[in-house]
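For reference, the chains in residue letters:
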Amino acid sequence: MGRVRSAIESVIEGKRESVDLALVVLLAEGHLLVEDVPGVGKTMLAKAIGRSIDSSVRRLQFTPDLLPSDITGVSVFNQETRDFEFKPGGIFANIVVGDEINRASPKTQSALLESMEERQVSVDGTTYRLQLPFMVVATQNPIEMEGTYPLPEAQRDRFMARIEMGYPTPKSEVDMLDSHGAADPLRALQPVTDAKTVLSLIQAVRDVYVAPALKEYIVAVVNATRNTNELRLGASPRASLQLLRAARAHAAMAGRDYVSPDDVAALTVPVLSHRVLPSTEAQLSRRTVPEIVSALFDSVPVPQA
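Residues numbered from 1 in each chain as written. Predicted model: local features only at pLDDT ≥ 70, side-chain atom pairs only at ≥ 80, totals over all residues. Heavy atoms only, no water.

A. Main features of the packing of helix 13 (residues 261–272) against helix 15 (residues 289–299). Axis separation between helix 13 and helix 15 bottoms out at 9 Å; the angle between their running directions is 145°. Crossing hand, helix 13 versus helix 15: right-handed. Counting all contacts with helix 13, which are made through Val264, Ala265, Thr268, Val269 and Leu272, the residues of helix 15 involved are Pro290, Val293, Ser294 and Phe297. Along the lines of polarity and charge, the residues of the contact of helix 13 with helix 15 split into seven nonpolar, two polar and no charged. (Axes fitted to C-alpha atoms, helices over the stretch in contact; angles between N-to-C directions. Helix = DSSP H or I, 4+ residues; strand = E, 2+ residues; numbered from the N terminus. Left-handed = near helix turned anticlockwise from the far one by under 90°. Contact = heavy atoms within 4.5 Å. Nonpolar A, V, L, I, M, F, W, Y, C, P; charged D, E, K, R; others polar.)

This is the structure in C-alpha cells:
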C-alpha cells in the first residue's frame, strides 16, 4: 500500500491525509464520498486510485438524464440467438468513479444501493455478482446546488467515509504547475499492484485484532451522536460497524495487527460526519457537523490499557 500511496501522490500533490483515508476505505471494503469545490482534484484522486491498481476502472458521469439501466445494465434481445442477452452497465468494474453523483435523479442514485451494500446487481429477476475488490468513489460539489438532487440519507449511509480535498498549499500548487503544466501525469501512472494482491490485503485486514474494550469504545462514540441536542439524527448501527472496519484498516496501514484508540480517533469525524444531521439550534449557532462530532468524541472516556 506504500507503493500505491506513492503512485497516487505522483499525481495528487500534498494530500497525504486524503490519500491515506482513501486507501483505508479500499482495504476496509467501503466506499468513499469526496465533497469539495470544483478543481481541487476530486476526480483525479479517484482515477489515480484505479490506475495505480491493475484492475478495471469505469467512470460514470452523473447527469439528470442518466438512467438506472446505464448503471446496472440491461437485457437486450439478440436477433441471432433469439434470446435476451445481458449488457453490463458501468457498475461492473473494480473501481467505479461516480462523478458529480448529486446531479442524477433519486431514481438513478438508488440504482447504486444494492451494488454498494451487497456487491451484486439484480436485473430482470437475475442476480449478477460484481468483481472483487469493488469500491465506489463518488464526487459531488457542495457549493453549486442548482440542478442537483441531494443524496438521500440512506445512500449517504452507504459511504464508509467522506473527505474534503481542500485547497493545496502554495508550494504544492507550484509543484502541480510543474508536473501538470506540460502533460497529464495520470497517463504516465503505471499500476504498482493488482486486484489479487489487494484482495489478500483485505483478508489480512479482517484478521486485525480489536479488544472488547475498544468495541465498547466505538459503540459509546457512535451512541454519543444519538444523545445530544446538537444533532437531530444520530449515526446508525452501520456506522459502528464501518468505524470498526476502518479502524482495522488504519491499524494495518500503520503496520500493526491490533487496533488502538488512536485509530478510532483518526477516523471518527470522516466516518460519522456525513451520517448525522445538525439540529436547528446548532445551525443557528453556526456549529459545523465535524465540530460537533469531534466534541462528542472528546466527551467519551478513552478505555484504559
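B. Looking closely at the layout of surface pockets. Estimated volume of the largest pocket: approximately 530 Å³. Of all the secondary structure elements, the ones that give two or more residues to the lining of the largest pocket are helix 2 (16–27), strand 10 (161–163), helix 12 (237–253) and helix 13. When residues in the lining of the largest pocket are grouped by element, the largest group, five residues, is from helix 2. Grouping the amino acids of the lining of the largest pocket by side-chain chemistry returns nine nonpolar, four polar and five charged. (1 Å grid on protein atoms, 1.4 Å probe; cavity = no way out; pocket = protein on both sides within 12 Å on 5 of 7 lines; lining within 4 Å. Points joined across faces, edges and corners; volume = space filled by probe spheres on them.)

C. Spatial organisation of the pairing of strand 8 (residues 126–129). For strand 7 (residues 120–123) and strand 8, the ladder comprises four bridges, and the chain directions are antiparallel. Residue pairing in the sheet places Ser122 in a bridge with Thr127 of strand 8. Linking two consecutive strands that pair antiparallel, namely strand 7 and strand 8, is a turn of two residues; a positive phi of about 55° is found at Asp124 within it. (Pairing = 2+ DSSP bridges.)

D. Looking closely at the nonpolar core. One finds Ile8, Leu32, Leu45, Leu267 and Leu272 to be the most contacted residues of the largest nonpolar core, which totals 64 residues. Top contributing element to this core by residue count: helix 2, with eight residues. Beyond its immediate sequence surroundings of up to four residues, Leu45 is in contact with Ile8, Ile12, Val19, Ile163 and Met165. (Core = buried A, V, L, I, M, F, W, Y, C linked by side-chain atoms within 4.5 Å. Buried < 20%, exposed > 50% of the residue type's maximum accessible area, 1.4 Å probe, protein only.)

E. Focus on helix 15. Those residues of helix 15 not exposed but buried are Val289, Ile292, Val293, Leu296 and Phe297. Buried residues of helix 15, seen end-on, are gathered within an arc of 135° and therefore sit on one face of the element. Tucked inside the fold, the buried residues of helix 15 contact helix 11 (212–224), strand 12 (231–233), helix 13, strand 13 (277–278) and helix 14 (280–284). (Arc of directions from axis to C-beta.)

F. Inspection of helix 13 at higher detail. Taking 1.5 Å as the rise per residue, helix 13 with twelve residues should run 16 Å; its terminal C-alpha atoms sit 16 Å apart, in good agreement. Those residues of helix 13 that fall on the buried side of the exposure criterion are Asp263, Val264, Leu267, Thr268, Pro270, Val271 and Leu272. On its buried face, helix 13 is in contact with helix 2, strand 10, helix 11, helix 12 and helix 15. (Expected span 1.5 Å × (residues − 1).)

G. Quick look at the pattern of salt bridges. The final tally for this structure, using the stated rule, is 14 salt bridges. Across the pair Glu100 and Arg103 runs a salt bridge whose closest N-O atoms are separated by 3.1 Å. Ionic pairing is found between Glu117 and Arg238, a salt bridge with its closest N-O pair at 3.6 Å. Linking Glu117 in helix 6 (residues 113–118) with Arg238 in helix 12, this pair joins segments that are 121 residues apart in sequence. Owing to a relative accessible area of 36%, Glu117 belongs among the partly exposed residues under this scheme. Owing to a relative accessible area of 24%, Arg238 belongs among the partly exposed residues under this scheme. (Salt bridge = Lys/Arg side-chain N within 4 Å of Asp/Glu carboxyl O.)

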